[in-house]
Structure formats: structure tokens, C-alpha cells
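Residue-level structure breakdown
Here is how the chains run, residue by residue.
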Amino acid sequence: MAPKWRELADKLAEQIRRGEYEPGQRLPQIRDLVEAGEGSKVTVHAAYKALEAEGLVTSSRGHGTVVREQVPLKRLGIARYDKAKWRDGDEVAFIADRVASGRAYRRNEQTQTVSLVEAPPVVASAHGLEPGAPVYARARLVKEGDQPTHSLTSYYRPEHVEGTRLVDPTPGPAGRGGGFRVLYDAGYEIDHMKESLFARTPTAEEARMLQLPPGEPVVELHRTTYTAAGTVVEFAIGVHAASRFAWEYDFKVPDSAQPQEGQQ
């Protein structure tokens with residue numbers, strides 16, 4: 001026979017799945033469930049902690065226990081970097097994800113901190129610099145409403161971005177079209193990029209910043225962006241709350257056995 005807290009957790013989980021408690025809605029306070037005969041304070045607390053560990057709710061001081069959004073954002077792959085979105089329009093990458101997901105957005109849902117720092121080894125390697133060489137770090141925290149979804153820090157060579165909007169700490173994208181448009185206007189049109197992804201356990205600071213429930217992993221992204229001449233104009237590191245995104249890729253399947261365009 002399951003313990004009382006497990007029975008209560010299962011009951012509440014089923015109510016959440018049926019929509020009796022909607023995303024963003026607070027569950028009853030612990031004392032209310034105790035008074036309703038659902039169990040002792042210890043029992044209800046244990047049930048709420050179980051729901052949090054299962055990713056169904058989040059708990060925070062001042063907000064109580066709140067049902068989490070269960071439909072993840074589409075995190076587009078190739079399509080989010082379509083030049084027509086940022087060169088000819090104003091749909092930067094995080095906004096492209098929201099549009100594809102049918103979700104609302106505000107441009108100021110992206111914070112921004114810019115600083116001149118010594119390049120960490122992974123950044124120096126990507127840019128072909130000596131470790132410790134000066135680079136600009138443009139750190140953003142992106143939220144959906146009040147909930148953080150991911151952080152992204154882009155690293156640039158000073159000679160590529162000094163005097164541009166990419167070193168302006170004003171919250172939100174770096175003007176119309178965002179960072180890629182700034183590089184384009186400076187003569188560094190992006191041509192291709194390489195992304196690598198891996199899951200890991202978050203640090204304590206990342207768990208706090210992204211408001212992660214206990215046990216939730218993060219997905220770390222490394223993005224290297226090149227011009228057609230092969231110059232690296234951005235190296236970015238993103239940290240994404242794993243349950244808040246679903247990566248989506250749509251691309252032509254290659255066939256290396258076939259002659260490539262321009263080759264005999």
C-alpha cells in the first residue's frame with residue numbers, strides 16, 4: 001500500500017493532467033488541504049515536494065506552489081536563423097521560437113549585460129585567440145513572462161563589435177534585427193554556423209537563475225558563427241531549462257555520394 005503522501009501526490013497529479021489546475025494556477029495552501037482532511041502538514045508537504053520533483057509544479061517563497069507550463073517552446077533549429085527574419089525584418093532568434101510556438105513575447109523579456117573580459121579557454125579556442133585575450137561578453141537572460149527559459153552569452157572579438165549596438169547594455173535585442181543584423185551592417189554577414197548540444201546537471205547558480213525544480217537538468221548549447229570566408233564572428237554558450245524546450249530541425253537530407261554543386 002502506497003504511503004499517504006504518495007496517494008495525495010497521485011491525486012493532485014491527475015487533477016493537474018485533467019486541467020482542474022491550469023498552468024500558472026496555485027495549488028491550495030498546505031493548511032487548506034490539512035483542514036480538508038487530506039493529511040497532516042508533513043503528508044501534504046511531502047506530496048508537494050514529489051510533484052515538484054516530477055516537474056509538475058514549482059514552489060517559491062511568496063508565490064506558493066504553482067502548476068508549471070507543460071507545453072514546451074519549440075526551439076527551432078535551422079529556421080530560427082533565416083536571414084529574412086532578422087536582416088529584412090525584426091524577428092530575432094528567441095522571438096522566432098515564440099512565433100513558431102504560437103506564444104506571446106515582449107522584446108524586453110531579454111536582459112542584457114555587456115563586459116570586456118579575458119577569454120576563457122573554450123572561447124579563445126573558438127575564436128583562434130590566446131587564452132586570456134580580451135573579448136566582449138554579451139550575457140542575456142531570456143524569460144517567458146516571469147519564468148526564465150534560458151541564458152545565452154555571446155563572445156565577440158573587440159575589433160568586430162567595438163562602437164556597435166552589441167556593446168550597448170540596453171535590455172532587449174541589439175536594435176532592429178538583433179545581433180546578427182549588427183554584424184551584417186558592420187560587414188560581417190553570417191554564412192554558416194556549428195552548434196553542439198549536451199545535457200548536464202545545473203550548477204547551484206544556474207538552478208537559481210532559471211528557477212529550476214529539484215532534479216531538472218539543463219541543455220548546454222555551444223554555437224560558433226562564421227562568415228563565408230570562415231571568420232568566427234560569434235561564439236555563444238546557452239544554458240536551457242530542459243523541460244521548457246523541444247528542439248526542432250527541418251533540413252534537406254544530404255547525399256555525399258552525389259556530385260556537389262560546382263564540382264565535376
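Throughout, a residue's number is its position along its own chain's written sequence, starting from 1. Thresholds applied to this predicted model are a pLDDT of at least 70 for local features of residues and 80 or more for the giving and counting of side-chain atom pairs; totals over whole chains, interfaces and linings are not thresholded and use all residues. Here the side-chain values reflect all heavy atoms present in the structure, with hydrogen atoms and water set aside.

This next bit is on the sheet that holds strand E8 (residues 218-227). Pairing between strands requires that DSSP locate at least two bridges from one strand to the other. Strands are runs of DSSP state E lasting at least two residues, helices are runs of H or I lasting at least four, and both sets are numbered from the N terminus onward. An order of E4-E5-E6-E9-E8-E7 is seen for the six strands of this open sheet, with the pairing classed as antiparallel. For this open sheet the edge positions go to strand E4 (113-118) and strand E7 (190-200), each flanked by a neighbour on one side alone. The sheet shows a mean angle of 20 degrees between the axes of neighbouring strands, direction not considered. Alignment of E4 against strand E5 (residues 134-144), held across six bridges, turns out to be antiparallel. Paired with Leu116 across the bridge in E5 is Tyr136. Only the stretch in contact is used when fitting a helix axis, every axis being a line fitted to C-alpha atoms; angles between N-to-C directions are given from 0 to 180 degrees.

A separate point is the packing of helix H1 (residues 4-17) against helix H3 (residues 41-53). Orientation of H1 relative to H3, taken along the N-to-C sense of each, is 50 degrees, at an axis distance of 8 Å. On the basis of their axis angle, the class for H1 and H3 is oblique. By crossing handedness, the relation of H1 to H3 is classed as right-handed. Contacts from Lys4, Trp5, Arg6, Leu8, Ala9, Leu12 and Ala13 in H1 reach Thr43, Val44, Ala46, Ala47, Tyr48, Ala50 and Leu51 in H3. Considering only residue class, the contact of H1 with H3 consists of eleven nonpolar, one polar and two charged. Working definition: roughly parallel below 35 degrees, roughly antiparallel above 145 degrees, roughly perpendicular at 65 to 115 degrees, and oblique for all remaining angles. Each crossing gets its hand from how the near helix is turned against the far one by less than a right angle, where anticlockwise is left-handed and clockwise is right-handed. By definition, residues are in contact when any of their heavy atoms lie within 4.5 Å. For this classification, the nonpolar set comprises Ala, Val, Leu, Ile, Met, Phe, Trp, Tyr, Cys and Pro, the charged set comprises Asp, Glu, Lys and Arg, and every other residue, Gly included, is treated as polar.

A cavity, in this analysis, means grid points on a 1 Å lattice covering only the protein atoms where a 1.4 Å probe fits yet has no way out; a pocket is instead an open set bounded by protein on both sides within 12 Å along at least five of seven lines, and a residue lines either one if it has an atom within 4 Å of a point. Grid points are joined across faces, edges and corners, and a volume is the space filled by probe spheres set on the points. Throughout the structure, instances matching the rule amount to three cavities of 30 Å³ or more. Quantified by volume, the largest cavity comes out at close to 300 Å³. In terms of lining, the largest cavity is formed by 24 residues, of which the most central are Ala93, Gln110, Arg140, Leu152 and Arg223. A breakdown of the residues in the lining of the largest cavity according to their chemical character gives twelve nonpolar, six polar and six charged.

Let us now look at the layout of surface pockets. Volume-wise, the largest pocket comes out at about 600 Å³. Looking at the lining of the largest pocket, the elements with two or more residues in it are strand E1 (57-60) and strand E2 (64-67).

Turning to the confidence of the model for the chain, a few remarks are in order. Should the pLDDT be low somewhere, the predicted coordinates at that spot are not to be read in detail. Every residue is assigned a pLDDT by the predictor, reflecting its confidence on a scale from 0 to 100. Scored by pLDDT, the chain has a mean of 87; 96% of the residues are at 70 or more. Taking the mean pLDDT of every element in the chain, the minimum, 74, falls on strand E3 (residues 73-76) and the maximum, 97, on helix H6 (residues 121-127).

Burial classes: relative accessible area under 20% of the type maximum marks a residue as buried, over 50% as exposed, and values in between as partly exposed (1.4 Å probe, protein chains only). For helix H5 (residues 93-101), the complete set of buried residues consists of Ala93, Phe94, Ile95, Ala96, Asp97 and Arg98. Of the surrounding elements, those touching the buried residues of H5 are E3, helix H4 (83-86), E5 and strand E6 (147-156). Of the residues flanking the end of H5, it is Gly102, one or two places downstream, whose phi is positive at about 70 degrees.

We now examine helix H8 (residues 178-185). If you check which residues of H8 are buried, you get Gly178, Gly179, Phe180, Val182 and Leu183. Within two residues after H8, Gly187 carries a phi angle of roughly 95 degrees, on the positive side.

Summarising the element assignment, Glu159 is placed in helix H7 (residues 158-161). On a C-alpha basis, the gap between Glu159 and Val135 in space is 9.3 Å, while along the polypeptide they are 24 residues apart.

Attention now goes to the nonpolar core. Residues belong to a common nonpolar core when they are buried Ala, Val, Leu, Ile, Met, Phe, Trp, Tyr or Cys residues joined through side-chain atoms within 4.5 Å. Core analysis: the largest hydrophobic core is formed by 16 residues, its most contacted members being Leu12, Leu27, Tyr48 and Leu51. Sorting the residues of this core by element identifies H1 and H3 as the ones contributing at least two each. Setting aside chain neighbours within four positions, we find Leu51 in contact with Ala9, Leu12, Ala13, Leu27, Leu56 and Val57.

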